[in-house]
Structures are given as structure tokens and as C-alpha cells.
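# Structural overview for review
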Amino acid sequence: MADKIFISAEIGINHNGDTEIAKRLIDAAVLAGCDSVKFQKRTIDKVYTQEFLDSPRESPWGTTQREQKEGLEFGEAEYREIDAYCKERNIVWFASCWDVDSQIFMRRFDLKYNKVASPVLTDIPLLEAIAEERKYTFIATGMSTWEEIDAAVEIFRRADCPFELMHCVSVYPMPPEEANLLIIPELRKRYNCPVGYSSHEIDNIATLGAVALGACSVERHITLDRAMYGSDQKASVEPLKLIEYVKQIRDMESALGSGKKILSEKELAVRKKMRG
């Protein structure tokens, strides 16, 4: 990873099954100065039970959970379009896969990174499929115990796959008092690895705190409008706020400095004036 903080804009399923919305979100991420955009991929019949898929749910695509889930999924044609558009806009894209079939599906694209989403951290076959690719992998730790994180880390170390743990609290949206940011140095100490932060907050305070505590990457859901249909929209950042979000991260990154006690020319001038 680069020395600067890696900022990932999580589009996830906020595209609502529409590639034009996806492209507008990619544009927003590029304009704000994000380093990447991320999507989600599921094989509906592998991730959910038949009973769940048959259960009722009102959505723009129908009245069942299946219709809603299928309406949010992109297939190969849509991802080919996204792949081409990201190359055109010169931004990296990747995806968090929720099952082994989806992970294998994504191998047809030349993606630089992988992501383990918090809900699938305990899916051992999926983690093994991801780790065998030996791509730099972001591992979200929301909802997980130390023992579960231990097991996931062991899989990636055994496969000699580079990884980064991401502190995450799976509350949508997350109030600041739930952030528990001191887990960031604890993760770094326990696993001796890079640690990032995946946020579902409304404002930016926890993200900036994570940066101050040494997070080397941050991830944030983005949306065109928080009032749009979708479970992740309210915990997402709109385009204008995304610009401010990235700027604040870069400002905080700059404010951290080197940690070395060196008097700048500006401070030396003040010293000379005030101390004589």
C-alpha cells in the first residue's frame, strides 16, 4: 500500500441495480479524490435460504425478498461496463464477495484488491478462496470476536496472502459513541499488521479519530441521495459531503506530521521574537 491513507468509496448496492447510477457514484468518488470504489457481489441462492427469498418484501422490483435481492445484483455485462468506466476515469475498483461462486466470478476481472465483508468473516471456504488469490485483502472485523479474527488471520497468513484488518462497528448508521476507536491500536498490536477503518457513521468525527490513531485506510459508503431506496443509503455520504470528507481526511493526515520534534522556520521566527 502507498504511504498516504487509502480512501475507498463503498458503492456497495447503492446503485440500486442501475449502471448509470453506478457511473454517477464513480464520478463522485473521482471528483472527491478517492483512491478506489468498491461494490458487493452475491450469488442469491447461495447466500440466502429459499424460505427467506420467498418471504415478502416490498421493493421497486416486486414483493418478495428474491425480487429485491435480484434487483440489486449486477451480472457480467454490468461489471464489464463498470470495469471499462473505471479504467476510463482512472480509478481502481474491486468488490466484496459474499460466497465462493461470486469470488470465482470476480476472477474474470483484473482486480488489484479483495475485501472480506464483516458478515462473511467466519465463512472459512470463502476466506480460503480469497486468500489463495494472494491479492492485498481488506478484512472488516465488524460483529467479530477475537477468536473469529484469529481464525481469519491464520487463513491469510497460511496462504501468504497480504492483508489489512479494518476496524468496523456493524451499526447502520453508527453514532460516534459506538465507534470504539481504541480497538485500532489494539488490532495493530495483536496482529502486527496494517489496520484500517470501515465506517457507517453519519458525520466524520470517528473517521478523523481513526486517522489520528494510525488507520492506513478508510472506507465509507457513498450515495447520490440519502433519501433513495436502500438499507445502506442513510449511513452513506452524498457527493458534496464526500468532497468535504476526503479533504478532512487529507487535512488530518497532514496535521499528524512526522512525530519528530523539529522547529520549523515559522516557529523559529516566533521563538526569536518571543524569547529574544
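A brief structural summary. (Residues numbered from 1 in each chain as written. Predicted model: local features only at pLDDT ≥ 70, side-chain atom pairs only at ≥ 80, totals over all residues. Heavy atoms only, no water.)

## A word on the pairing of strand β9 (residues 195-199)
β9 sits mainly inside the fold: 5 of its 5 residues count as buried. Here β9 shows two buried faces, one formed by V195, Y197 and S199 and the other by G196 and S198. Sheet topology note: the strand β8 (residues 163-168)/β9 ladder contains 4 bridges and is parallel. In the strand pairing of β9, C168 is matched with S198. In this fold, the crossover linking β8 to β9 by way of helix α9 (residues 183-191) has right-handed handedness. Here 3 bridges tie β9 to strand β10 (residues 217-221), and the two strands are oriented parallel to one another. Counted as the bridge partner of S199 is R220 from β10. The parallel pair β9 and β10 is bridged by helix α10 (residues 205-212), and the resulting crossover is right-handed. (Buried < 20%, exposed > 50% of the residue type's maximum accessible area, 1.4 Å probe, protein only. Helix = DSSP H or I, 4+ residues; strand = E, 2+ residues; numbered from the N terminus. Pairing = 2+ DSSP bridges. Right-handed = clockwise from strand over helix to strand, strands pointing away.)

## Let's talk about the packing of aromatic side chains
The tally for this structure, following the rule as stated, stands at 19 aromatic pairs. Ring geometry for F74 against Y79: centres 5.8 Å apart, planes inclined by 85°, an arrangement best described as edge-to-face. Comparing F74 with Y79, the two get one shared label, buried. Through a chain of ring-to-ring contacts, the aromatic side chains of F39, F74, Y79, W93, F105 and F109 assemble into a single cluster. (Phe/Tyr/Trp six-rings, centres within 6.5 Å; stacked < 30°, edge-to-face > 60°.)

## Notes on helix α7 (residues 124-131)
Looking at α7, one finds that the buried residues are L126, L127, A129, I130 and A131. Looking at the buried side of α7, the elements it contacts are β5 (92-97), α6 (100-106), β6 (113-116), β7 (136-140) and α8 (146-158). (Contact = heavy atoms within 4.5 Å.)

## Side note on the packing of α10 against helix α11 (residues 239-256)
Put simply, α10 and α11 touch, their axes get as near as 9 Å, and they point 30° apart. As the angle between them shows, α10 and α11 are arranged roughly parallel. Crossing angle aside, the handedness with which α10 passes α11 is right-handed. Residues T207, L208, V211 and A212 of α10 lie in contact with α11, whose contacting residues are Y245, Q248, I249, M252, E253 and L256. (Axes fitted to C-alpha atoms, helices over the stretch in contact; angles between N-to-C directions. Parallel < 35°, antiparallel > 145°, perpendicular 65-115°, else oblique. Left-handed = near helix turned anticlockwise from the far one by under 90°.)

## Brief notes about the nonpolar core
Nonpolar side chains in soluble globular proteins tend to end up buried together. Counting residues in each nonpolar core, the largest one holds 69 residues, and the members touching the most others are V37, F39, W93, F156 and Y197. If we ignore the near neighbours within four places in the chain, the residues touching F156 are V116, L127, I130, A131, T137, I139, C161 and F163. If you look at the next biggest cluster of nonpolar residues, it comprises 6 residues, including Y113, Y136, F138 and M166. (Core = buried A, V, L, I, M, F, W, Y, C linked by side-chain atoms within 4.5 Å.)

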